[in-house]
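Here is what each chain is made of, one letter per residue.
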Amino acid sequence: MANYNVAVVGASGAVGEEILRVLEEIDFPLNKLVPLASSRSAGNTVTFNGKDLVIKELTETVFDEEEIHIALFSAGGSVSAKFAPFAAEAGAVVIDNTSHYRMDEEVPLVVPEVNPEDIAKWQTKGIIANPNCSTIQMVQALKPLDDAYDLKRVDVSTYQATSGAGKFAMEELVTQMQAFFAFKLDEAEHKAFAHQIALNVIPQIDVFQESGYTKEEIKMVNETTKILHKNVELSATCVRVPVLRGHSEALTLTFDSAVEASEARTLLEKAPNIVVIDNPEASEYPMPAECIDQNETFVGRIRNDLYRDNMLHMFVVADNLRVGAATNAVRIAQKWVELEEAQ
(Lines give C-alpha, C1' and ligand atoms only; values in the text may rest on other atoms or scores of the structure.)
Protein backbone atom coordinates (compact mmCIF):
# COMPACT_ATOMS: atom_id res chain seq x y z
CA MET A 1 0.00 0.00 0.00
CA ALA A 2 1.09 3.56 -0.70
CA ASN A 3 1.79 5.94 2.14
CA TYR A 4 -0.27 9.13 2.28
CA ASN A 5 0.39 12.64 3.53
CA VAL A 6 -2.53 13.66 5.72
CA ALA A 7 -3.43 17.17 6.87
CA VAL A 8 -5.73 17.78 9.84
CA VAL A 9 -7.28 21.24 9.59
CA GLY A 10 -8.38 22.43 13.01
CA ALA A 11 -5.89 20.15 14.72
CA SER A 12 -6.14 22.00 18.04
CA GLY A 13 -9.93 21.75 18.27
CA ALA A 14 -11.99 19.06 20.00
CA VAL A 15 -12.69 17.08 16.82
CA GLY A 16 -9.19 17.67 15.43
CA GLU A 17 -7.64 16.24 18.59
CA GLU A 18 -9.94 13.23 18.34
CA ILE A 19 -8.96 12.65 14.70
CA LEU A 20 -5.32 12.47 15.79
CA ARG A 21 -6.21 9.93 18.46
CA VAL A 22 -8.17 7.76 16.02
CA LEU A 23 -5.31 7.85 13.49
CA GLU A 24 -2.94 6.71 16.25
CA GLU A 25 -5.10 3.70 17.01
CA ILE A 26 -5.52 2.26 13.52
CA ASP A 27 -3.20 0.87 10.90
CA PHE A 28 -3.46 3.79 8.49
CA PRO A 29 -0.97 4.00 5.58
CA LEU A 30 0.45 7.30 6.80
CA ASN A 31 3.63 8.86 5.46
CA LYS A 32 3.42 12.14 7.37
CA LEU A 33 0.85 14.04 9.38
CA VAL A 34 0.55 17.82 9.02
CA PRO A 35 -1.49 19.61 11.71
CA LEU A 36 -2.98 22.88 10.46
CA ALA A 37 -4.83 25.71 12.18
CA SER A 38 -5.27 29.47 12.10
CA SER A 39 -2.43 31.88 12.70
CA ARG A 40 -3.52 32.11 16.35
CA SER A 41 -2.69 28.44 16.94
CA ALA A 42 0.20 28.11 14.50
CA GLY A 43 3.46 27.44 16.31
CA ASN A 44 1.79 25.48 19.09
CA THR A 45 2.24 21.72 19.17
CA VAL A 46 0.07 18.64 19.17
CA THR A 47 1.16 15.18 20.23
CA PHE A 48 0.94 12.33 17.74
CA ASN A 49 2.42 8.87 18.29
CA GLY A 50 4.48 10.19 21.18
CA LYS A 51 6.00 13.06 19.20
CA ASP A 52 5.27 16.77 19.34
CA LEU A 53 4.27 18.16 15.95
CA VAL A 54 4.30 21.88 15.31
CA ILE A 55 0.99 23.24 14.04
CA LYS A 56 1.42 24.99 10.71
CA GLU A 57 -0.65 27.94 9.62
CA LEU A 58 -3.52 27.15 7.29
CA THR A 59 -2.88 29.01 4.04
CA GLU A 60 -4.00 28.80 0.44
CA THR A 61 -0.71 27.18 -0.62
CA VAL A 62 0.13 24.84 2.26
CA PHE A 63 -1.54 21.81 0.66
CA ASP A 64 0.72 22.13 -2.39
CA GLU A 65 3.80 22.82 -0.28
CA GLU A 66 3.25 19.77 1.92
CA GLU A 67 2.06 17.54 -0.97
CA ILE A 68 -1.11 16.60 0.90
CA HIS A 69 -3.11 13.60 -0.33
CA ILE A 70 -5.91 13.64 2.28
CA ALA A 71 -7.16 16.79 4.07
CA LEU A 72 -9.43 16.27 7.07
CA PHE A 73 -11.27 19.55 7.81
CA SER A 74 -12.84 20.28 11.22
CA ALA A 75 -12.36 24.01 11.76
CA GLY A 76 -15.79 25.47 10.97
CA GLY A 77 -17.88 26.02 7.87
CA SER A 78 -16.34 29.34 6.88
CA VAL A 79 -12.84 27.83 6.99
CA SER A 80 -13.95 24.90 4.82
CA ALA A 81 -15.68 27.22 2.38
CA LYS A 82 -12.49 29.23 1.90
CA PHE A 83 -9.74 26.63 2.06
CA ALA A 84 -11.24 23.27 0.99
CA PRO A 85 -11.17 24.28 -2.72
CA PHE A 86 -7.44 25.06 -2.45
CA ALA A 87 -6.81 21.61 -0.97
CA ALA A 88 -8.84 19.98 -3.74
CA GLU A 89 -7.05 22.01 -6.43
CA ALA A 90 -3.75 20.79 -4.98
CA GLY A 91 -4.89 17.22 -5.64
CA ALA A 92 -6.00 16.24 -2.15
CA VAL A 93 -9.30 14.62 -1.29
CA VAL A 94 -11.06 16.81 1.27
CA ILE A 95 -13.10 15.11 3.98
CA ASP A 96 -15.09 17.94 5.52
CA ASN A 97 -16.63 17.64 8.96
CA THR A 98 -18.61 20.90 8.75
CA SER A 99 -22.10 21.45 7.39
CA HIS A 100 -20.91 23.64 4.51
CA TYR A 101 -20.84 21.03 1.72
CA ARG A 102 -23.28 18.44 3.06
CA MET A 103 -26.22 19.33 0.86
CA ASP A 104 -24.16 20.23 -2.20
CA GLU A 105 -25.47 17.96 -4.95
CA GLU A 106 -21.96 17.49 -6.33
CA VAL A 107 -20.50 16.42 -2.97
CA PRO A 108 -21.12 12.92 -1.59
CA LEU A 109 -22.37 12.73 2.01
CA VAL A 110 -21.01 9.51 3.44
CA VAL A 111 -21.39 7.13 6.36
CA PRO A 112 -19.18 4.17 5.33
CA GLU A 113 -21.43 1.55 6.95
CA VAL A 114 -24.41 2.90 5.01
CA ASN A 115 -23.43 4.31 1.59
CA PRO A 116 -19.72 3.62 0.92
CA GLU A 117 -20.42 3.49 -2.81
CA ASP A 118 -20.94 7.26 -2.81
CA ILE A 119 -17.26 7.84 -2.05
CA ALA A 120 -16.54 7.19 -5.73
CA LYS A 121 -18.25 10.50 -6.53
CA TRP A 122 -15.54 12.50 -4.74
CA GLN A 123 -13.72 13.55 -7.90
CA THR A 124 -16.42 15.97 -9.05
CA LYS A 125 -15.32 18.60 -6.51
CA GLY A 126 -12.58 16.73 -4.68
CA ILE A 127 -14.66 16.84 -1.49
CA ILE A 128 -16.51 14.29 0.64
CA ALA A 129 -18.81 15.59 3.37
CA ASN A 130 -19.05 14.11 6.86
CA PRO A 131 -22.67 14.18 8.13
CA ASN A 132 -23.96 15.76 11.32
CA CYS A 133 -23.06 13.83 14.47
CA SER A 134 -26.65 13.02 15.38
CA THR A 135 -27.36 11.83 11.84
CA ILE A 136 -24.39 9.45 11.66
CA GLN A 137 -25.25 7.25 14.62
CA MET A 138 -28.91 7.21 13.65
CA VAL A 139 -28.46 6.08 10.03
CA GLN A 140 -26.02 3.38 11.12
CA ALA A 141 -28.90 1.84 13.07
CA LEU A 142 -31.48 2.57 10.37
CA LYS A 143 -29.66 0.96 7.44
CA PRO A 144 -30.00 -2.77 8.27
CA LEU A 145 -33.63 -2.30 9.32
CA ASP A 146 -34.49 -0.30 6.22
CA ASP A 147 -32.99 -3.06 4.06
CA ALA A 148 -35.14 -5.66 5.81
CA TYR A 149 -38.46 -3.90 6.37
CA ASP A 150 -38.53 -0.78 4.12
CA LEU A 151 -38.38 2.23 6.44
CA LYS A 152 -41.15 4.80 5.94
CA ARG A 153 -40.90 7.20 8.89
CA VAL A 154 -38.57 8.15 11.76
CA ASP A 155 -39.51 10.10 14.87
CA VAL A 156 -36.43 10.94 16.90
CA SER A 157 -35.69 12.85 20.08
CA THR A 158 -32.03 13.51 20.75
CA TYR A 159 -30.16 14.07 24.01
CA GLN A 160 -27.01 15.80 22.80
CA ALA A 161 -23.86 16.37 24.83
CA THR A 162 -22.24 19.78 25.29
CA SER A 163 -19.16 18.66 23.33
CA GLY A 164 -21.30 18.95 20.22
CA ALA A 165 -20.97 22.71 20.67
CA GLY A 166 -17.18 22.62 21.17
CA LYS A 167 -14.62 22.89 23.93
CA PHE A 168 -15.99 26.19 25.20
CA ALA A 169 -19.41 24.63 25.75
CA MET A 170 -17.94 21.72 27.70
CA GLU A 171 -16.03 24.17 29.89
CA GLU A 172 -19.24 26.11 30.51
CA LEU A 173 -20.97 23.00 31.87
CA VAL A 174 -18.03 22.24 34.16
CA THR A 175 -17.85 25.85 35.38
CA GLN A 176 -21.57 25.94 36.11
CA MET A 177 -21.42 22.67 38.04
CA GLN A 178 -18.54 24.03 40.09
CA ALA A 179 -20.63 27.13 40.77
CA PHE A 180 -23.54 24.93 41.86
CA PHE A 181 -21.45 23.13 44.46
CA ALA A 182 -20.18 26.51 45.67
CA PHE A 183 -23.81 27.67 45.98
CA LYS A 184 -23.19 30.32 43.31
CA LEU A 185 -24.97 28.86 40.29
CA ASP A 186 -27.16 31.95 40.00
CA GLU A 187 -23.97 33.96 39.39
CA ALA A 188 -22.62 31.68 36.64
CA GLU A 189 -22.70 33.03 33.10
CA HIS A 190 -24.01 31.22 30.05
CA LYS A 191 -22.50 32.15 26.71
CA ALA A 192 -22.34 28.87 24.79
CA PHE A 193 -26.07 28.24 25.17
CA ALA A 194 -29.21 30.35 25.39
CA HIS A 195 -29.76 29.16 28.96
CA GLN A 196 -27.96 27.56 31.88
CA ILE A 197 -27.01 24.01 30.91
CA ALA A 198 -26.03 22.62 34.34
CA LEU A 199 -28.93 20.70 35.92
CA ASN A 200 -31.05 21.62 32.92
CA VAL A 201 -32.07 20.49 29.44
CA ILE A 202 -32.47 22.93 26.55
CA PRO A 203 -34.85 21.96 23.71
CA GLN A 204 -32.95 24.04 21.17
CA ILE A 205 -29.83 23.22 19.14
CA ASP A 206 -28.95 25.86 16.55
CA VAL A 207 -31.38 28.53 15.37
CA PHE A 208 -35.10 28.13 14.76
CA GLN A 209 -36.46 28.04 11.21
CA GLU A 210 -39.83 29.27 9.90
CA SER A 211 -41.16 25.73 10.22
CA GLY A 212 -40.68 25.82 13.99
CA TYR A 213 -37.91 23.24 13.74
CA THR A 214 -34.31 24.16 14.50
CA LYS A 215 -31.52 24.06 11.95
CA GLU A 216 -30.10 20.96 13.69
CA GLU A 217 -33.41 19.15 13.30
CA ILE A 218 -33.70 20.07 9.62
CA LYS A 219 -30.14 18.83 9.07
CA MET A 220 -31.21 15.39 10.28
CA VAL A 221 -34.15 15.40 7.87
CA ASN A 222 -32.19 16.44 4.79
CA GLU A 223 -29.05 14.42 5.49
CA THR A 224 -30.94 11.18 6.13
CA THR A 225 -32.68 11.49 2.78
CA LYS A 226 -29.38 12.09 0.98
CA ILE A 227 -27.51 9.26 2.70
CA LEU A 228 -30.25 6.61 2.39
CA HIS A 229 -31.18 7.71 -1.14
CA LYS A 230 -34.87 7.67 -0.30
CA ASN A 231 -37.49 10.07 0.99
CA VAL A 232 -38.10 8.95 4.55
CA GLU A 233 -40.51 11.02 6.63
CA LEU A 234 -38.55 12.26 9.63
CA SER A 235 -39.41 14.48 12.56
CA ALA A 236 -36.68 15.40 15.06
CA THR A 237 -36.62 17.18 18.40
CA CYS A 238 -33.02 17.97 19.33
CA VAL A 239 -32.24 18.66 22.97
CA ARG A 240 -29.00 19.73 24.67
CA VAL A 241 -28.37 17.91 27.95
CA PRO A 242 -25.77 18.38 30.73
CA VAL A 243 -23.48 15.60 29.51
CA LEU A 244 -19.89 16.18 28.39
CA ARG A 245 -19.63 13.51 25.68
CA GLY A 246 -21.98 11.07 24.03
CA HIS A 247 -25.20 11.75 22.11
CA SER A 248 -28.29 9.66 22.85
CA GLU A 249 -31.35 9.24 20.65
CA ALA A 250 -34.80 7.77 21.23
CA LEU A 251 -36.08 6.44 17.90
CA THR A 252 -39.55 5.44 16.80
CA LEU A 253 -39.43 3.71 13.41
CA THR A 254 -42.34 2.98 11.10
CA PHE A 255 -41.90 0.39 8.35
CA ASP A 256 -43.88 -0.73 5.32
CA SER A 257 -44.08 -4.26 6.71
CA ALA A 258 -44.50 -5.87 10.10
CA VAL A 259 -41.38 -6.02 12.26
CA GLU A 260 -40.44 -8.27 15.16
CA ALA A 261 -38.15 -6.85 17.84
CA SER A 262 -36.18 -10.06 18.30
CA GLU A 263 -35.48 -10.29 14.58
CA ALA A 264 -34.52 -6.61 14.41
CA ARG A 265 -32.17 -7.16 17.34
CA THR A 266 -30.42 -9.96 15.45
CA LEU A 267 -30.05 -7.78 12.35
CA LEU A 268 -28.49 -5.00 14.41
CA GLU A 269 -26.11 -7.42 16.11
CA LYS A 270 -24.80 -8.42 12.68
CA ALA A 271 -24.50 -4.83 11.40
CA PRO A 272 -21.01 -3.31 11.10
CA ASN A 273 -19.81 -1.19 14.04
CA ILE A 274 -23.08 -1.67 15.95
CA VAL A 275 -23.05 -3.08 19.49
CA VAL A 276 -26.36 -4.20 20.97
CA ILE A 277 -26.75 -3.76 24.73
CA ASP A 278 -30.29 -4.82 25.45
CA ASN A 279 -30.90 -6.66 28.71
CA PRO A 280 -33.52 -4.60 30.54
CA GLU A 281 -33.97 -7.18 33.32
CA ALA A 282 -30.39 -6.46 34.40
CA SER A 283 -30.71 -2.71 33.69
CA GLU A 284 -28.30 -3.06 30.76
CA TYR A 285 -28.78 -0.57 27.95
CA PRO A 286 -26.65 2.05 26.17
CA MET A 287 -25.62 5.14 28.13
CA PRO A 288 -23.29 7.99 27.13
CA ALA A 289 -20.97 7.52 30.11
CA GLU A 290 -20.05 4.07 28.78
CA CYS A 291 -19.52 5.03 25.13
CA ILE A 292 -16.71 7.56 25.62
CA ASP A 293 -13.66 6.82 23.43
CA GLN A 294 -15.54 4.01 21.69
CA ASN A 295 -15.76 3.77 17.90
CA GLU A 296 -19.02 1.84 17.84
CA THR A 297 -22.67 2.85 17.98
CA PHE A 298 -24.62 1.24 20.83
CA VAL A 299 -28.26 0.21 20.51
CA GLY A 300 -30.71 -1.01 23.13
CA ARG A 301 -34.28 -0.79 24.47
CA ILE A 302 -35.35 -2.49 21.23
CA ARG A 303 -39.07 -3.15 21.49
CA ASN A 304 -42.23 -3.43 19.45
CA ASP A 305 -44.89 -0.77 19.57
CA LEU A 306 -47.83 -1.64 21.81
CA TYR A 307 -50.40 -0.91 19.12
CA ARG A 308 -48.88 -1.23 15.63
CA ASP A 309 -46.97 -4.23 14.31
CA ASN A 310 -44.99 -2.11 11.82
CA MET A 311 -43.46 0.18 14.47
CA LEU A 312 -40.28 -0.31 16.49
CA HIS A 313 -38.70 1.71 19.31
CA MET A 314 -35.04 1.82 20.35
CA PHE A 315 -32.35 3.86 22.08
CA VAL A 316 -29.11 4.70 20.26
CA VAL A 317 -25.93 6.11 21.85
CA ALA A 318 -22.50 7.03 20.48
CA ASP A 319 -19.50 9.19 21.31
CA ASN A 320 -20.27 12.24 19.19
CA LEU A 321 -16.62 13.32 18.94
CA ARG A 322 -15.70 9.86 17.68
CA VAL A 323 -18.51 8.13 15.79
CA GLY A 324 -20.23 11.44 15.12
CA ALA A 325 -17.13 13.14 13.74
CA ALA A 326 -13.53 11.88 13.92
CA THR A 327 -14.08 8.14 13.50
CA ASN A 328 -16.47 8.58 10.59
CA ALA A 329 -14.03 10.96 8.87
CA VAL A 330 -11.14 8.53 9.26
CA ARG A 331 -13.28 5.61 8.07
CA ILE A 332 -14.14 7.64 4.96
CA ALA A 333 -10.39 8.15 4.43
CA GLN A 334 -9.80 4.41 4.82
CA LYS A 335 -12.48 3.59 2.25
CA TRP A 336 -11.09 6.22 -0.11
CA VAL A 337 -7.64 4.65 0.18
CA GLU A 338 -9.12 1.23 -0.61
CA LEU A 339 -10.76 2.72 -3.69
CA GLU A 340 -7.50 4.35 -4.82
CA GLU A 341 -5.50 1.19 -4.26
CA ALA A 342 -8.00 -0.86 -6.23
CA GLN A 343 -7.61 1.27 -9.34
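Refer to the preceding data block for the structure.
The structure displayed is predicted, hence computed values, not measured ones.

Undergrad: Is there a simple way to explain the packing of helix H4 (residues 133–149) against helix H8 (residues 322–342) in this structure?
TA: Two measures define how a pair of helices packs: the angle their axes make with one another and the distance between the axes. Running from amino to carboxyl end, H4 crosses H8 at an angle of 70°, the nearest separation of the two axes being 8 Å. By the angle between their axes, H4 is roughly perpendicular relative to H8. Within the contact between the two elements, H4 uses Cys133, Ile136 and Gln140 and H8 uses Val323, Gly324, Ala325, Asn328 and Arg331. Broken down by class, the residue content of the contact of H4 with H8 amounts to four nonpolar, three polar and one charged.

Undergrad: For this particular structure, what's the right way to read the sheet that holds strand S12 (residues 274–276)?
TA: Backbone hydrogen bonds are what pair the strands of a sheet, in a parallel or an antiparallel way. One open sheet accounts for six strands, arranged S10-S9-S11-S14-S13-S12; its pairing is mixed. Bordering the open sheet on either side are strand S10 (233–240) and S12, each of which pairs with just one other strand. Neighbour to neighbour, the strand axes of the sheet diverge by 20° on average, direction disregarded. Bridge count for S12 against strand S13 (residues 297–304) is three bridges, and the pairing is parallel. Considered in S13, the bridge of Ile274 is made with Thr297. Its contacts with the sheet place helix H6 (residues 215–228) against strand S9 (151–160), S10 and strand S11 (247–255), and it is angled at close to 145° to S10. Against the sheet, helix H7 (residues 261–270) touches S12, S13 and strand S14 (311–318), its axis set at about 170° to S13.

Undergrad: Explain the packing of H4 against H7 to me, please; I cannot follow it from the model alone.
TA: Two numbers describe how H4 lies on H7: the axes approach to 9 Å, and their chain directions differ by 125°. One way to sum up the angle between H4 and H7 is to call them oblique. Crossing angle aside, the handedness with which H4 passes H7 is right-handed. For the pair H4 and H7, the contacting residues are Ala141, Pro144, Leu145, Ala148 and Tyr149 in the first and Glu263, Ala264, Leu267 and Leu268 in the second. Considering only residue class, the contact of H4 with H7 consists of eight nonpolar, no polar and one charged.

Undergrad: Quick question: what am I supposed to make of the packing of aromatic side chains here?
TA: One pair of aromatic rings is described through two measures. These are the centre distance and the angle between the planes. Evaluated as defined, the whole model comprises six aromatic pairs. With centroids separated by 5.5 Å and ring planes inclined at 65°, the aromatic side chains of Tyr149 and Phe255 adopt a geometry described as edge-to-face. Of this pair, Tyr149 sits in helix H4 while Phe255 sits in strand S11; the two residues are 106 residues apart in sequence, bridging distant segments of the chain. For the pair formed by Tyr149 and Phe255, the shared burial category is buried. A ring pair is formed by Tyr159 and Phe315, whose centres lie 6.1 Å apart and whose planes are at 55°; its orientation type is tilted. Of this pair, Tyr159 sits in strand S9 while Phe315 sits in strand S14, and the two are 156 residues apart along the sequence. One aromatic cluster is present, formed by Tyr4, Trp122 and Trp336 through successive ring pairs.

Undergrad: Would you mind going over a nonpolar patch on the surface with me for this structure?
TA: A grouping of Phe180, Phe181 and Leu199 is seen on the molecular surface, where their side chains present a nonpolar patch of about 330 Å² in accessible area. With respect to the element layout, Phe181 can be found in helix H5 (residues 167–181). Classification of Phe181 by relative accessible area gives exposed; the value is 60%.

Undergrad: Just to check I follow, could you spell out the side chain of Gln160 for this structure?
TA: Inspection of the secondary structure puts Gln160 in strand S9. One polar contact links Gln160 to Thr158, side chain to side chain, over a distance of 2.8 Å. Side chain to side chain, Gln160 and Glu216 meet in a polar contact 3.0 Å long. Among residues more than four places away in sequence, those in contact with Gln160 are Ser134, Ile205, Glu216, Cys238, Val239, Arg240, Val241 and His247.

Undergrad: What am I meant to see in H5 here?
TA: Because each turn of an α-helix spans 3.6 residues, side chains separated by three or four positions end up pointing in the same direction. A rise of 1.5 Å per residue sets the reference length of H5, with its 15 residues, at 21 Å; its end C-alpha atoms lie 22 Å apart and thus fit the reference within 8%. Among the residues trailing H5, Phe183 stands out with phi positive, at a value near 60°.

So, how was this worked out
- Residues numbered from 1 in each chain as written.
- Predicted model: local features only at pLDDT ≥ 70, side-chain atom pairs only at ≥ 80, totals over all residues.
- Heavy atoms only, no water.
- Axes fitted to C-alpha atoms, helices over the stretch in contact; angles between N-to-C directions.
- Helix = DSSP H or I, 4+ residues; strand = E, 2+ residues; numbered from the N terminus.
- Parallel < 35°, antiparallel > 145°, perpendicular 65-115°, else oblique.
- Contact = heavy atoms within 4.5 Å.
- Nonpolar A, V, L, I, M, F, W, Y, C, P; charged D, E, K, R; others polar.
- Pairing = 2+ DSSP bridges.
- Left-handed = near helix turned anticlockwise from the far one by under 90°.
- Phe/Tyr/Trp six-rings, centres within 6.5 Å; stacked < 30°, edge-to-face > 60°.
- Buried < 20%, exposed > 50% of the residue type's maximum accessible area, 1.4 Å probe, protein only.
- Patch = residues over 30% accessible without salt bridge, like charges linked within 9 Å, V, L, I, M, F, W, Y side chains within 5 Å.
- Areas by Shrake-Rupley, 256 points an atom, 1.4 Å probe, with all protein chains shown as cover.
- Salt bridge = Lys/Arg side-chain N within 4 Å of Asp/Glu carboxyl O.
- Polar contact = N/O pair within 3.5 Å; in protein donor to acceptor, adjacent residues only side chain to side chain.
- Expected span 1.5 Å × (residues − 1).

So, to be careful, I would describe these as geometric facts and stop short of saying anything about function.
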